[in-house]
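Chain by chain, the residues:
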Amino acid sequence: MGLRRRRRRGGAGGARPGGVGGGPRGAPALLPLLLLLLLLPAGGGAKYVRGRISTKEDWVFLTRFCFLSDYGRLDFHFRYPEAKCCENILLYFDDPSQWPAVYKKGNKDCLAKESVIRPENNQVINLTTQYAWSGCQVLLEDSVRYLSCASGRSFRSVRERWWYVALSKCGGDGLELEYEMVLTNGKSFWTRHFSADEFGILETDITFLLIFILIFLVSCYFGYLLKGRQLLHTTYKMFMAAAGVEVLSLLFCCVYWGQYACDGVGSGSLKILAKLLFSVSFLIFLLMLILLGKGFTVTRGRISHAGSVRLSVYMTLYSITHIVLLTYEAEFFDPAQVLYTYESPAGYGLIGLQFLAYLWFCYAVLVTLKQVPEKQPFYLPFFAAYTLWFFAVPVTALIANFGIPKWAREKIVNGIQLGIHLYAHAVFLVMTRPSAANKNFPYHVRTSQIGSAEGGAAAKFPPRHGYGNVTFISDSVPNFTELFSIPPPGPNGSPSARKQVEETPAAEWGPPPGRVVTTMDLGAPRPPQKGTGAGGEGQGPPSQLQAPPPHAHNGYTEYFSMHTGGGRHL
């Protein structure tokens, strides 16, 4: 392992590979997407870095980068007053005896921090004219002499390593420096500006973006079919919304990494927006799972007031914790340390809330199955599949914190997180596909019937399952075939069923308010009509219809429902 010194040809400020101040190049297919960035301010701090240091300290951190084993390259341009001479650029790597041994070690002074550097690895760049490899020259500007140094370093190691750049001047009167650095890995569009731990993120995000676009389009098609059968319930709309927000999140991620690949800077605001949308998609999906676990739109039409309050409080707390996590990561994460998103108090708080959500999910599913055991074909695979999902998120966070090497963590965790989201959406899409062969289909009550159920004393649905059990023509045309069909008689000559307008068990729901419900036995004799005689006398006006006497009902009683119209005669 070592550093190869390479002297910069030309004078100070000469051209460097890719151009320090150059604009985006290549990848013309990304240009339409990059137009979205015009509304967002460009952020700094990527692997083209520039800035100015003026401090009383004698040792400061500048930046870090994960270089490949053979193709790492640092090109720099430093400038500072000659009166502040002589300052040094120190290059540490991630060995325990190097950077971890000096950073945030209050018991070590500047000389002790410089002492861990190995001179044989060319880890020190003296910013003086006496050190030829620094490329320093003296420039005169406004009667002030400056040292301007432009050169570079090539990095070699046995594996990908994190390298840390620091500035020092032990025993001096402080540090002052203007700097520009370009840190690259090879010359390919897919690797040049990316740190080695970020390799493959852009390709992975593009792949998952295409897959999620397909899932979103298929869910929209399924939603169209469900709407035609009046089965497009709120929970399925939430699933479609989660998939759509996931697509937007991945789109913004691809735009960010695409611009980053072009200029090494990217837009910090766009990256934060992508993370925010990713969290919103996760929260929508989590809320949908809890609602389905409680039976909402599957076995009941509404959630109790107390349950709604608990859900509101929990989702508000979860949302605030997510915002705190993103804010903490952006404002308080130390750039001199390689940290994972969940390595913070807010991150551990999210893991705890995830376990709390799982316990709530388990309790809701068990209660629902106890009340409506007929829904086992849906709830058993649903519970098993999403138990894995609930545990995948915190387990991934713990493995990332303690089990994945830091020089490979970001790209591995990115792929795992997207895979977890894909698993959750794909499983739900399969379980809710509108097919007669789908025995796990959860919805059996039409959306037009939920309003009637919610208006009555009970909000639970009749126990029925299977997509093929719900039969009618469309959501706008009444099914007159079923309305006036006469079922075959039963064994003792009585009809086995009665006519219906709404496929609703009256014993469970009862008549909705404002309706008069009458039942008629098709096999019973008709009552005699008044006002008719042998002499052909005229009939009297039909002022009322005589309702048959009440009789016992077997099974799910079917009924006619007719809206009342004030004082009108029926």
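Residues numbered from 1 in each chain as written. Predicted model: local features only at pLDDT ≥ 70, side-chain atom pairs only at ≥ 80, totals over all residues. Heavy atoms only, no water.

Engineer: Would you take a moment to explain the environment of M240 for this structure?
Structural biologist: Mapped onto the elements of the fold, M240 is located in helix α5 (residues 234–263). Sequence-wise, M240 and I284 are 44 residues apart; in three dimensions their C-alpha atoms are separated by 9.8 Å. Here M240 is in contact with F216, S219, C220, G223 and L232, once residues within four sequence places are set aside. (Helix = DSSP H or I, 4+ residues; strand = E, 2+ residues; numbered from the N terminus. Contact = heavy atoms within 4.5 Å.)

Engineer: What is the right way to read the pairing of strand β10 (residues 175–185) from this model?
Structural biologist: Of all eleven residues that make up β10, nine are buried, and the element is covered over most of its length. Of the pairings in the sheet, the one linking strand β4 (residues 72–81) to β10 comprises eight bridges and is antiparallel in character. Following the sheet pairing, R73 is matched in β10 by T184. (Buried < 20%, exposed > 50% of the residue type's maximum accessible area, 1.4 Å probe, protein only. Pairing = 2+ DSSP bridges.)

Engineer: Just checking my understanding: could you explain the packing of helix α6 (residues 268–293) against helix α10 (residues 409–431) for this structure?
Structural biologist: Each pair of packed helices can be summarised by the angle the axes make with each other and by the distance between the axes. Where α6 contacts α10, the two axes come as close as 12 Å, and the packing angle between them is 35°. Crossing geometry of α6 relative to α10 is assigned as left-handed. Facing K271, F278, S281, F282, F285, M288 and L292 of α6, the residues of α10 in contact are E410, Q417, L418, H421, A424, H425 and F428. When its residues are assigned to classes, the contact of α6 with α10 shows eight nonpolar, four polar and two charged. (Axes fitted to C-alpha atoms, helices over the stretch in contact; angles between N-to-C directions. Left-handed = near helix turned anticlockwise from the far one by under 90°. Nonpolar A, V, L, I, M, F, W, Y, C, P; charged D, E, K, R; others polar.)

Engineer: Hey, could you run me through the state of the cysteines in this one?
Structural biologist: Throughout this description, disulfide means a covalent bond between two cysteine sulfur atoms. Scanning all chains against the criterion turns up three disulfides. Put simply, C85 and C86 are joined by a disulfide, and their sulfur atoms are 1.9 Å apart. Disulfide C85-C86: torsion about the S-S bond near 70°, hence right-handed. Judged by its relative accessible area of 36%, C86 falls in the partly exposed class. At a sulfur-sulfur separation of 1.8 Å, the disulfide partner of C110 is C170. Sign of the S-S torsion, about -80° for the bond between C110 and C170, identifies this disulfide as left-handed. Here C110, found in helix α3 (residues 110–115), pairs with C170, found in the loop between β9 (161–168) and β10; they are 60 residues apart in sequence, far enough to count as distant. You can call C170 partly exposed: its relative accessible area is 26%. (Disulfide = S-S within 2.5 Å.)

Engineer: How do you make sense of the packing of α5 against α10 when you look at a structure like this?
Structural biologist: One can describe the packing of α5 onto α10 by two numbers: an axis separation of 11 Å at closest approach and a directional angle of 155°. On the basis of the axis angle, α5 is roughly antiparallel to α10. The hand of the α5/α10 crossing is left-handed. Contact residues: Y236, F239, A242, A243, E246, L250 and W257 in α5; E410, L418, H421, H425, F428 and L429 in α10. Looking at side-chain class alone, the contact of α5 with α10 contains nine nonpolar, two polar and two charged residues. (Parallel < 35°, antiparallel > 145°, perpendicular 65-115°, else oblique.)

From the geometry alone we can't say anything about function, so treat these as descriptive.
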